Amino acid sequence: FKIDSAGYPYPNSRDFFEKHHERVGENRYVQISFPVTVWKKGEPMDEVIRYLFKNRRITIKRKDKKNYFHAFLWGAPLSAKSDAFIVIYDVKRGKEGEIEHVDFNFVAKEEFEEAYDYVVG
């Protein structure tokens, strides 16, 4: 895991971390920017988001705004507020183009607004 800009632990696979971070000092790294797809509640669902919900990779507890989104990621159950962003890091597809796996995570709205550049379109 790594520690995000707010001081919270943030799960990463070793492979992802090594591929997307550059060492800048002893025990200090900076993430290499790369484009990602994001989705938030209220936006139209694309194929990837529909896949995540259909296959119950993400579930919702509508009455609980603080723990609205739920997923099991990196060996642990995770939840996020209803205003969190779902960030899609990678989509693996089969030979026929069907989605086989999606690497994603929840990013709190505050963290997203501080750490991401959001470009529409």
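These numbers come from a predicted model, not from an experiment.

Scoring rules and cut-offs
Residues numbered from 1 in each chain as written. Predicted model: local features only at pLDDT ≥ 70, side-chain atom pairs only at ≥ 80, totals over all residues. Heavy atoms only, no water. Helix = DSSP H or I, 4+ residues; strand = E, 2+ residues; numbered from the N terminus. Rg over C-alpha atoms; globule rule 2.2 N^0.38 Å. Buried < 20%, exposed > 50% of the residue type's maximum accessible area, 1.4 Å probe, protein only. Contact = heavy atoms within 4.5 Å. Areas by Shrake-Rupley, 256 points an atom, 1.4 Å probe, with all protein chains shown as cover. Lys, Arg positive; Asp, Glu negative; His and termini not counted. Charge placed at Lys NZ, Arg CZ, Asp CG, Glu CD. Pairing = 2+ DSSP bridges. Axes fitted to C-alpha atoms, helices over the stretch in contact; angles between N-to-C directions.

Q: Break down the overall build of the protein chain for me, with residues and values.
A: Within the protein chain, the secondary structure is distributed over 3 helices and 10 strands. Taking 2.2 N^0.38 as the reference for a compact globule, 121 residues should give roughly 14 Å; the C-alpha atoms of the protein chain span a radius of gyration of 15 Å, in line with that estimate. When the backbone C-alpha atoms are referred to their principal axes, the protein chain occupies close to 45 × 40 × 35 Å. Split into buried and exposed, the 121 residues of the protein chain put 31% on the buried side. Partitioning the intrachain contacts of the protein chain with sequence separation of at least 6 by distance along the chain shows that 44% fall at a separation of at least 24. Working note: accessible area of the protein chain is about 8,800 Å², and carbon and sulfur atoms make up 50% of it. Positive and negative side-chain charges of the protein chain, numbering 21 and 20 respectively, have mean locations separated by a distance of 7 Å.

Q: Let's hear about the sheet that holds strand S6 (residues 59–60): which residues, and what values?
A: Spatial ordering of the open sheet is given by S6-S7-S8, a layout of 3 strands whose pairing is antiparallel. A strand with exactly one partner marks an edge of an open sheet, and here the two such strands are S6 and strand S8 (76–80).

Q: Could you give me a rundown of the sheet that holds strand S9 (residues 85–93), with the residues and numbers involved?
A: Ordered in space as S5-S9-S10, the 3 strands form an open sheet in which the pairing is antiparallel. The open sheet has two free edges, formed respectively by strand S5 (37–40) and strand S10 (99–107), since each of these has just one partner strand. For this sheet, the mean angle separating the axes of adjacent strands, direction not counted, is 35°. For S9 and S10, the ladder comprises 8 bridges, and the chain directions are antiparallel. Bridge pairing in S10 links arginine 93 to isoleucine 99.

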